[in-house]
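# Analysis of the macromolecular model
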Amino acid sequence: MMKGGLLLYVFERHLIWVLLAVLALFGLTVQGFTNPQNLLNVLWAAAPLGCMVLGLFLVLLIKEVDLSLESTFAFGPTVAIVAMQNWLPDLIGPVTAAILTPIIGLVVGGAAGLFAVTLRVNAFLVTLATLLLMRGVVIWLIPEGIYYLPSEYTYLGEQRFFGIPIAIFVWLALYLVAYALIERHRLGKEIYAIGNNEEAAFVAGVKVKRTKILCFAIAGFAAALGGMLEVGRLQSVVADLGQGSILMVFAGTILGGTSLSGGVGRLSGVFGAVIVIAVIENLMNLIGIEPSIRQMVFGLVLLVAIWLASLQDRIALRAAR
């Protein structure tokens, strides 16, 4: 009985860490995987994706969806850099542009949430439209990309502190702040309450509309910040930055145990899922798997994530009974 209860607890709450342990054991057989520099590179590459996953995690908790995060990922850095170099070069320097980047994400995320919530329009359709709109603006602004960016702008995504990429520290700090808000602050309780039963949350005094808009805004902030980290890592901003990544963002969020039906999910789970995805990609690079095969592997990862999420929901429901 105790063994069954332990297995149930592990599967329901900590399955992602079991999967990560299995991948790590497999990695021991792959040459170069355990090299400290390689492991740091895995986390470095995971940081931008982790920012977007955090944003989608918050939106899914309130039983909504945001498809536009992959475009916000590119839109924030693009607008800030173009403003710095072309529009207002005398007013906006590299440091100001770096500060402006996540603020742009905050504004566009909040605007999408405001449109969806106040007009009671399906968030899926609203964010699909904003995804296309922002990507079109990015392509119009930088059709050929922008290279040789100032080091002050790329600092967080490029530089290292005692050999560790600063982007990793930014990612961890973002998750620590999110943990404080979700687990230790009233906002977190309100978010879970809305996801579980929006009407009951409203009756209990939760300001549903304000909280929902705030979640969309934070998601946009996190996505644009992730985009800036990626721009620093790549030393450039290009029109297709982050294009198609929303699929992996969904995979990471769902694989981490977040329910599409709202109100269910743990920050530690999505954090572990981001590392799992980064490790899978790294292992495929080390083994030398072709890009076309990688697409199939990640498609299978998404299918497994959906299956596990469904299975976890059923187990949680059975445990509650």
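Sequence order as written defines residue numbering, which begins from 1 separately in each chain. For this predicted model, a pLDDT threshold of at least 70 governs which residues receive local features, and a threshold of 80 or more governs which side-chain atom pairs are given and counted, while totals over whole chains, interfaces and linings are taken from all residues. Heavy atoms throughout the structure, all of them, feed into the side-chain values; hydrogens and water do not.

## Considering the overall build of the chain
Rule in force here: Helix numbers and strand numbers start at the N terminus; a helix is a DSSP run of H or I with at least 4 residues, a strand a run of E with at least 2. Here the globule rule is a power law, 2.2 Å times the number of residues to the power 0.38, and the radius of gyration is based on C-alpha atoms. The rule is simple: take the accessible area with a 1.4 Å probe, protein chains only, and divide by the maximum for that residue type; under 20% is buried, over 50% is exposed, in between is partly exposed. Between two residues, a contact is recorded if the distance between any of their heavy atoms is within 4.5 Å. Note on areas: Shrake-Rupley, 1.4 Å probe, and residue coverage restricted to the protein chains presented here.
Across its full length, the chain holds 14 helices and four strands. Over its C-alpha trace the chain gives a radius of gyration of 20 Å, about what one expects of a compact globule, namely 20 Å for 321 residues. With respect to the three principal axes, the spread of C-alpha positions in the chain is 70 × 55 × 35 Å. Looking at the chain residue by residue over its 321 residues, the buried ones come to 50%. A fraction of 80% describes how many contacts in the chain between residues 6 or more apart in sequence connect residues 24 or more apart. Split by element, the accessible area of the chain, about 16,000 Å² in all, is 68% carbon and sulfur.

## Structural notes on the pattern of salt bridges
Note the threshold: Whenever a carboxyl oxygen of Asp or Glu lies within 4 Å of a side-chain nitrogen of Lys or Arg, that contact is scored as a salt bridge.
Tallied over the full model, the rule gives four salt bridges. With a shortest N-O distance of 2.8 Å, Glu198 and Lys212 are connected by a salt bridge. Of this pair, Glu198 sits in helix H10 (residues 198–203) while Lys212 sits in helix H11 (residues 208–234), placing them 14 residues apart in sequence. Where Arg233 meets Glu230, a salt bridge forms, and the shortest distance between an N and an O atom there is 3.2 Å. On the criterion of helical spacing, the pair formed by Arg233 and Glu230 is a turn pair, its members being three residues apart in helix H11. Owing to a relative accessible area of 30%, Arg233 belongs among the partly exposed residues under this scheme. Each of the salt bridges in this network shares a partner with another, and the network as a whole consists of Glu64, Glu198 and Lys212.

## Overview of the nonpolar core
Filter applied, for reference: By convention a nonpolar core is built from buried Ala, Val, Leu, Ile, Met, Phe, Trp, Tyr and Cys residues, the set being connected through side-chain atoms within 4.5 Å.
Membership of the largest hydrophobic core comes to 102 residues, with the highest contact counts inside it found for Phe57, Ile81, Tyr153, Trp171, Tyr175, Leu255 and Val279. The element contributing the most residues to this core is helix H3 (residues 36–61), with 15 residues. When neighbours within four sequence positions are excluded, Trp171 is seen to be in contact with Leu43, Ala46, Ala47, Gly50, Cys51, Phe271, Val274 and Ile275.

## Observations concerning the confidence of the model for the chain
Worth spelling out the cut-off: The pLDDT score gives, residue by residue, the confidence of the prediction method on a 0 to 100 scale.
This prediction gives the chain a mean pLDDT of 90; 92% of its residues lie at or above 70. Put simply, helix H1 (residues 2–13) is where the chain has its lowest mean pLDDT, 49, and helix H5 (residues 94–118) is where it has its highest, 97.

## Re H3
Note the following rule: To estimate the expected span of a helix, subtract one from its residue number and multiply by 1.5 Å. For a residue, the bend is simply the angle between two axes, fitted respectively to the seven-residue segment ending there and the seven-residue segment starting there. Two N or O atoms count as a polar contact when they lie within 3.5 Å, although within protein this holds only if one can serve as hydrogen donor and the other as acceptor, and sequence-adjacent residues are included solely when both atoms are side-chain atoms.
For H3, which comprises 26 residues, the first-to-last C-alpha distance of 35 Å matches the rise-based estimate of 38 Å (1.5 Å per residue) to within 8%. The sharpest bend along H3 reaches about 40° and sits at Ala47, with the proline Pro48 one to four residues further on. With respect to burial, H3 is a largely interior element, 19 of its 26 residues being buried. Of the residues that open H3, the one with a side-chain oxygen 2.8 Å from the backbone nitrogen of Gln37 is Asn35. One or two steps after H3, the chain reaches Lys63, where phi turns positive at roughly 65°.

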